[in-house]
Amino acid sequence: MSVPSSNIARMFEVVDRDFEALNAAHARLLLRLGELDETEGWAEEGATSLSAWLRGRYGFTKATALEWARVARAMRSLPAIAAVAQRGQLSFEQLRPLTKFARAETDDELARSAPAMSAPELWDEARRHERITERDHEDAHRTRGLWTWWNDKHTELSGQFRVGAEQGVALENALLDRSEQVVVADEPSDRTGARMADALVELVTESGGEPAPTTLVVHAEASVLTNEASRGALCEAEDGTRIPTEAVRRLACDARIEWSLERNGRPVGIGRRGRTVPGAMGRALRFRDRGCVFPGCGRIRWLKAHHIVHWAHGGTTDLDNLVLICHAHHRLVHEGGWSIRGRPGAGGELRFLNPRGREPFLKQATFAAA
């Protein structure tokens, strides 16, 4: 059946308007996500990052969530490009490569030229900006190095490093990927910097993709493990480093502990106590839970066997009282004040509650009729 050319032209116009509206709506959504990321509002839901929040709340794949989060962050520093995108003149497929190489100093120029470029052309431009000369690469490799130093009180380690592009990209990607999994349960002066620092420590202390086996030597009052300890209770590592009481309880979940029980500052007993999950039970736990059971997480690396009822309170080391939880959410449960309710496994229902008793990722907003 033939269709008059005038009708086809009108159809094209309608599709063009729809695409512009779609592009504009997507751009506005990305800018809102960028604002949410800057304020770290996703942390209210127990998420470890904007991308983890997108996965948990909207069912995104990890790759899609990471790309949305990256573009959203980049658009925050590119106001001219963001304005053009909000007018519907740039699609998400154009924004992806454009935000790889656009900078504040080129924002205005690219806002004028990019709408006329296709996504493949923009990807070619992005790759061109990534190229460096072989000589630059060799010079950077020769001057690589890493330096560390302690402060006078030996309470803080600082460092500086310099590596070439190849090593730098690998290191940066590894740190950014791991920082997506970090929960910062305290209130650091620089939350982004704290996440990167925690990511670095996790990367260098893991072994074969999993945390290195932990042997914790702690000098502590017995009340620390029974939640009866005050904030100032004695809690020190073997070298005298002070350890937060909640961190000790978290490590005690599945670490081998060498303890020195003290009373009035004097040791009254020394011994060992292990609460590690036996091999067969650990395999059964992994088979049952597959990955971290926190809603929307599902990580399969850096996992801990967590006692729902802590063994210091009479909780048993058996499958009905154990769940797999990643390092980041394990820290959230202990230091962050979250709690777990219910029973794991078939027929059971687990509920994660934030310090205010609310479950994450519940869409409770109401929308007015158009």
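Shown above is the structure to which this text applies.
Residues numbered from 1 in each chain as written. Predicted model: local features only at pLDDT ≥ 70, side-chain atom pairs only at ≥ 80, totals over all residues. Heavy atoms only, no water.

K.L.:
Explain the overall build of the protein here, please?
P.N.:
Across its full length, the protein holds 13 helices and 12 strands. Of all 370 residues assigned to the protein, the portion counted as buried reaches 37%. For the protein, contacts bridging at least 24 residues in sequence account for 55% of all contacts bridging at least 6. (Helix = DSSP H or I, 4+ residues; strand = E, 2+ residues; numbered from the N terminus. Buried < 20%, exposed > 50% of the residue type's maximum accessible area, 1.4 Å probe, protein only. Contact = heavy atoms within 4.5 Å.)

K.L.:
Got a minute to help me understand the layout of surface pockets in this structure?
P.N.:
One simple way to see leftover space: roll a probe sized like a water molecule over the atoms. Of the pockets and cavities examined, the second largest pocket occupies roughly 1200 Å³. Lining the second largest pocket are 34 residues, and of these R70, R73, E172, N173 and L176 sit closest to its centre. Those elements that provide at least two residues to the lining of the second largest pocket are α1 (5-39), α3 (62-76), α5 (92-101), α7 (119-130), α9 (165-179) and α10 (191-205). Looking at side-chain class alone, the lining of the second largest pocket contains 13 nonpolar, 7 polar and 14 charged residues. (1 Å grid on protein atoms, 1.4 Å probe; cavity = no way out; pocket = protein on both sides within 12 Å on 5 of 7 lines; lining within 4 Å. Points joined across faces, edges and corners; volume = space filled by probe spheres on them. Nonpolar A, V, L, I, M, F, W, Y, C, P; charged D, E, K, R; others polar.)

K.L.:
What exactly am I supposed to notice about α3 here?
P.N.:
One turn of the α-helix equals 3.6 residues, which is why residues spaced by three or four share an orientation. Taking 1.5 Å per residue as the helical rise, α3 with its 15 residues ought to reach 21 Å, and the 22 Å between its terminal C-alpha atoms agrees with that figure. Of the positions making up α3, those classed as buried are A65, E67, W68, A69, V71, A72, A74 and M75. Next to the buried residues of α3 lie α1, α2 (50-58), α4 (79-86) and α5. (Expected span 1.5 Å × (residues − 1).)

K.L.:
In this structure, what is going on with the pairing of strand β10 (residues 322-326)? I would like to understand it.
P.N.:
Side-chain direction in a regular strand flips from residue to residue, so the side chains alternate between the two faces of the sheet. Counting buried positions along β10 yields 5 of 5 residues, so the element is predominantly enclosed. Burial of the side chains of β10 extends over both faces: L322, L324 and C326 are buried on one face and V323 and I325 on the other. Looking at chain direction, strand β9 (residues 303-307) and β10 are connected through 5 bridges and run antiparallel. Across the sheet, H307 pairs through a bridge with L322, a residue of β10. (Pairing = 2+ DSSP bridges.)

K.L.:
Help me understand the nonpolar core in this model?
P.N.:
A general feature of soluble globular proteins is that nonpolar side chains tend to end up buried together. In this structure, M75, I81 and L98 are the most contacted members of the largest nonpolar core, which totals 54 residues. In terms of residue count, α3 provides more of this core than any other element does, 6 residues in total. Residues in contact with I81, not counting those within four places in the same chain, are L90, L95, L98, A102, D107, L110 and A111. (Core = buried A, V, L, I, M, F, W, Y, C linked by side-chain atoms within 4.5 Å.)

K.L.:
Would you take a moment to explain the packing of aromatic side chains for this structure?
P.N.:
The geometry of an aromatic ring pair comes down to the distance between the two centres and the angle between the two planes. Applying the stated criterion across every chain yields a total of 5 aromatic pairs. Note on W68 and F92: the rings are 5.9 Å apart at their centroids and 50° apart in plane angle, and the pair reads as tilted. Highlighted residues: W68 in helix α3 and F92 in helix α5, separated in sequence by 24 residues. For the pair W68 and F92, one class covers both residues: buried. Put simply, the rings of F60, W68 and F92 pair up and form one aromatic cluster. For the cation-ring pair, R290 lies above F287, with the distance from its terminal atom to the ring centre recorded as 4.4 Å. (Phe/Tyr/Trp six-rings, centres within 6.5 Å; stacked < 30°, edge-to-face > 60°. Lys NZ or Arg CZ within 6 Å of the ring centre and 35° of its normal.)

K.L.:
I tried to follow α2 on my own but got confused; where do I start?
P.N.:
Most of α2 sits out of view: 7 of its 9 residues are buried. If you check which residues of α2 are buried, you get L50, S51, A52, W53, L54, R55 and R57. Tucked into the core, α2 has its buried residues touching α1 and α3. Backbone geometry just after α2 places G59 at a positive phi near 75°.

K.L.:
What should I look at first to understand unusual backbone geometry in this one?
P.N.:
The bulk of non-glycine residues show a negative phi, and the bulk of peptide bonds are trans. One non-glycine residue with positive phi stands out, namely E40, at about 55°. Here E40 is to be found in the loop between α1 and α2.

K.L.:
In this structure, what is going on with the pattern of salt bridges? I would like to understand it.
P.N.:
Any two side chains of opposite charge can pair, so long as their charged atoms come close to each other. With the rule as written, the count across this model stands at 14 salt bridges. For the salt bridge of R73 with D37, the shortest nitrogen-to-oxygen distance reads 2.7 Å. Remark: D37 occurs in helix α1 and R73 occurs in helix α3; sequence separation between them is 36 residues. Take D37: its relative accessible area is 13%, and that puts it in the buried class. For E359, the salt bridge goes to R351, with nearest N and O atoms at 3.1 Å. Judged by its relative accessible area of 33%, R351 is partly exposed. (Salt bridge = Lys/Arg side-chain N within 4 Å of Asp/Glu carboxyl O.)

K.L.:
Help me out: how do you make sense of the environment of W149 in this one?
P.N.:
By secondary structure assignment, the location of W149 is in strand β1 (residues 145-150). Judged by relative accessible area, W149 falls into the partly exposed class, the value being 42%. Taking C-alpha positions, W149 is 9.1 Å from Q160, a pair spaced 11 residues apart along the chain. Apart from residues no more than four positions distant in its own chain, W149 is found in contact with E156, L157, S158, G159 and Q160.

Function-wise, these values are silent; they only describe arrangement.
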